[in-house]
Every structure is written in C-alpha cells, then in structure tokens.
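# A closer look at the structure
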Protein chains: 2
Amino acid sequence: MNLEDPALSGIHPVGTDTLGKRVYNELRNFLMVGGVQPGEKLTLRQLTAAFGTSLMPVREAVHRLAAEGALEVLPNRAIRVPKMPRARFDELIQLRIMLEGLAVATAAEKISDKAIGRLEETNEGFIAEMRKPPESQKPFLLNKEFHFAIYRAADMPVLLSMIENMWLQFGPFLHFSMGVKGRMATNKFAPDSHRRMIQSMKERNGEIGRKALEDDIRGAVELILRFGDIPE
Amino acid sequence: MNLEDPALSGIHPVGTDTLGKRVYNELRNFLMVGGVQPGEKLTLRQLTAAFGTSLMPVREAVHRLAAEGALEVLPNRAIRVPKMPRARFDELIQLRIMLEGLAVATAAEKISDKAIGRLEETNEGFIAEMRKPPESQKPFLLNKEFHFAIYRAADMPVLLSMIENMWLQFGPFLHFSMGVKGRMATNKFAPDSHRRMIQSMKERNGEIGRKALEDDIRGAVELILRFGDIPE
DNA sequence: CCCAGTGCTATGTGATCACAGATCACCGTT
DNA sequence: AACGGTGATCTGTGATCACATAGCACTGGG
C-alpha cells in the first residue's frame, strides 16, 4: 500500500490514544487554564458524567494528576485541587525561576536561527493580542507558547517536564487570583522581558536571558500579590 | 475516650493505606535499590502474581510510577524501566546538582542544632559501614538517609519531591552500573564531602554546602563513568 | 531459501459489580 | 438545648469479566 497514493489523500490519522490518556489531557488542560479553583473538591463519578466514559479512565487520569501534584487525595480519600498557601506560592516561584532560568540559559546556546525567527513571530502575535481588550484566554496561550518554544529549544526533556509540572500546579491558582479580577492574563512588562529574552538568544548570552526571565516572572508575581488573594 | 488511658497503651495504629499505595511503595523501593535493570520489561500480571493482589492496585501503582518517570509505557503499551543513554544521564546529573544544591544551601540557613547532631551520628554510622567489606545495601541506605535528612531540613516540600524523583530515576541504573561490579555502593571521597556539608551547616554557610554536595555527586559520577556501562 | 499470510497466545484497557469507609441528617436520651 | 448513637447515602477502592491488539511461531506458496 502506497501512502502517497492520491486516492488516500483524504485520510486523517485516527489517533490511538487510550481513553485514559484523552481524559488526562482534557482534565490537565482544564486545570491549566484555571477551570477549577484551589480547594475545590472533585468526585470520580462527577467527572465520569462530564466525560461520558466509565470510571476507569477517570480513575487513571486523576491518579496521574495526583502523582504530578496537580490534584490531591486527602487522607479521607477525597479528591481536591490543592490550595495555594503563601509558603507554597513562594517555593513554586523560586523553583520556577531556577528551572526556567536554566532552560532559557541553555536554549540561548543551542537554539537555531530559524527557531529564533519563529519566536519573534510568536511574540509579536502576543504583543498584538495584549493591545486588544482582554477577552479570551488567547494572550495567556500565546505567552505560554512563547515560553515553551524557548524551553523546548534547551533540549532537556526531564527539565521540560518539570517546568510543565510547575505551570500545571499554577493553573488553578492563576484563575483564582487573576481570572476573576479583570482577566489580567499577564502583565504589561511582559513584552519588554520577552524582547530581552529574544535578544539574549541572538547574542547567545544565557545569563542575560536568565535575568530577563526572572524579571518576567517577578513582574507577574508582583501583579498577583497586588490583585490576587493568597491565603495565609 | 482518653487515649492516655494506660489500659490502651498496647494499641498500635493499624494502618489504613490502600492496596494500591502499598504496592506503589513496594515497587518504588524495589526500583530505587536497583531491583530491575534499565530496559527490562514488566507485565501487570507478572507483578500481580508477585504482590498477590488483583490487577487493579498494580495498575494504579505502575501508572503512577510511569507519571513520575520511573517507568515507561511504550507506544505499544508495553511497560519497561527506562534506559539511561548518556544524554539523559548528563541531564539528570546537572539537575541533581542544581536541585540538591539548592536544598543544601537552604538547609544550612534553617536546620536546627539538634538536627545537625543527628546528622553527624548518621554520617558516623555511614563511615563505619564504609570501612566494612561491602556486603549489603546498608551503606547505600545510610548515605541516602544522610542526604535526605539535609534535604528535609530545607523545608521545601515541592523541591523535596523533585529530588526524590531524581533518586528514583537513578535507582535502576545504579544497580546496573555498580551493583554488579563489586557492589561499590558509594565512593571513598563521600565521607569528606559529607563532613564538609556538616561543617557548612554549623557555619550556616549555604554556598560551602552547595559546593561540597556538588563534589559528592561528581565523585560518584566519576566512579560510574569509570566502572559503569552507559549506553550510547 | 525467503517471505507474506494466518492463527494462537499474552497483555493492557475498559466496563461492571461488590464493598468498606466517610459524611451527614435525623432522632432519642440526658 | 446539647450530645451521642444510628441509619441512609455517597465515594473511592478492589475484583472480575470482556475485548481489541501486539507479538510470535507456524505454514504454505513463490
């Protein structure tokens, strides 16, 4: 069978992902964009009804999210989204700066010129979206795409999964602290720090990129501390 | 009911862990001490037979280990212990130095004098065990206890789980590279770097501790590179 | 001798059932 | 009115069954 056969051009990959994996991806994305608030409780059967599957795939997805720290199984065996007390918030921020800083610095040494070009396009799209009235979660997604395009360029798979984990743990909290109060998906200083990150890529200077990334995160933190509610 | 009642003094907690959690802990420990080699395949039913439970708890445990990177589900849905190519080895080492370095530096600022005392005792036990002919995995366990006593003192739960994850990913490889060839559970420079770490705790000097930790890890790496087999 | 086709076996996944423990409202006693 | 016991209900866990597919030895035709 020739896959190049024009008669087969209408064929699309059908996707062989397990149900558990699809539920996991859906639920993960739902958490990442802030679909549920910290402290909120979930039940397997409630999720089962929402996804239209049986308990099994939901169980697998929930347990995996719990292993990643995106969900929490209390001693009572109840399931909830973890809360974000100040101590955890500070620790996650410190770790983000360290982990993502390393990724940026490494990417500056390895990234291709072509990838830098795509990075600039993504950032221009992000800036353009920032000027519009904040309506959708589009700026948030473009900002995320910009950051992870850099992190992927570092070519460190384990580090990348750790960073994804950090963003996942922040997801519910971002909605809670910022989504409600004015949908301030990101801060106005982000374009500047993004430009400095791109510049560091061009100059192959990892430390400049690391500093820009730290400013980017600290800018967002300042916004959260001003407008968000952090318990304790 | 008064729990201080002398009549109840013989009561012990009964333990309410789920089967899945117990299987997870067993399997985790088995991986951490190098019970299986990288690349080796596992099957649910084989593990089921070994643990004497049904498939369900094993499925949960395996999926959780897979989420943590300690196991791997291939596209074929087969389960195996991840291999350790050179690139992954180097990345894990780099991340260990960064993560554990932060933990040591933070611990130096926070650790109590009492905990420092316990640390010295643990280390003396470790050194004493090192002098004996290498028989069991006792030195390995004491070394681990020494390190994690420090990491716990940093009081950073998320960081601690990341570090545990690193050790877990290294487990199978340690057996493969060192266990067979002479049971060299740790290297002869470890006592020195350990002493320097303790000293840094007493002086509340995080950077000295960080450097000592880095030397400790690099010493072990050198041994592995000399005696172990790293594919690719 | 090589190789595509075929049937058997083993394995992970998903559905369903059964059950222990948690939660909560209700009620009777003090 | 306050408190402890009680029963119903809900939730996560574990066991069992059913099934699609990967892996593999075998076979028959070239």
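Now for a description of the structure that goes with this document. (Residues numbered from 1 in each chain as written. Chains lettered and ligands numbered in written order. Predicted model: local features only at pLDDT ≥ 70, side-chain atom pairs only at ≥ 80, totals over all residues. Heavy atoms only, no water.)

### A few points about the sheet that holds strand 1 (residues 41–42) of chain B
Residue and element names in this part refer to chain B.
- The three strands lie next to each other as 1-3-2, forming an open sheet whose pairing is antiparallel. Edge strands, defined here as strands with exactly one partner in the open sheet, are strand 1 and strand 2 (72–73).
- Inspection of the sheet shows strand 2 paired to strand 3 (residues 79–80) by two bridges, in the antiparallel sense. Directly across from Glu72, in strand 3, lies its bridge partner Arg80. (Pairing = 2+ DSSP bridges. Helix = DSSP H or I, 4+ residues; strand = E, 2+ residues; numbered from the N terminus.)

### Some details on the protein's contact with DNA strand C
- Close to DNA strand C lie 16 residues, the nearest being Leu19(A), Ser54(A), Met56(A), Leu44(B) and Arg45(B).
- Those atoms of DNA strand C that come within 4 Å of the protein belong to sugar or phosphate at a rate of 62%.
- Of all the secondary-structure elements, those providing two or more residues to the surface near DNA strand C are helix 1 (19–32) and helix 3 (55–67) of chain A together with helix 2 (44–51) and helix 3 (55–67) of chain B.
- For the surface near DNA strand C, the element with the highest residue contribution is helix 3 of chain A, accounting for three residues.
- A breakdown of the residues in the surface near DNA strand C according to their chemical character gives six nonpolar, six polar and four charged. (Near = heavy atom within 4 Å. Nonpolar A, V, L, I, M, F, W, Y, C, P; charged D, E, K, R; others polar.)

### Remarks on the packing of helix 4 (residues 86–110) of chain B against helix 8 (residues 190–203) of chain B
All names here are of chain B.
- Orientation of helix 4 relative to helix 8, taken along the N-to-C sense of each, is 40°, at an axis distance of 7 Å. Between helix 4 and helix 8, the interaxial angle falls into the category oblique. The way helix 4 lies across helix 8 gives a crossing that is right-handed. Residue-level inspection shows Val104, Ala107 and Ala108 of helix 4 in contact with helix 8, the latter providing Met197, Ser200 and Met201. (Axes fitted to C-alpha atoms, helices over the stretch in contact; angles between N-to-C directions. Parallel < 35°, antiparallel > 145°, perpendicular 65-115°, else oblique. Left-handed = near helix turned anticlockwise from the far one by under 90°. Contact = heavy atoms within 4.5 Å.)

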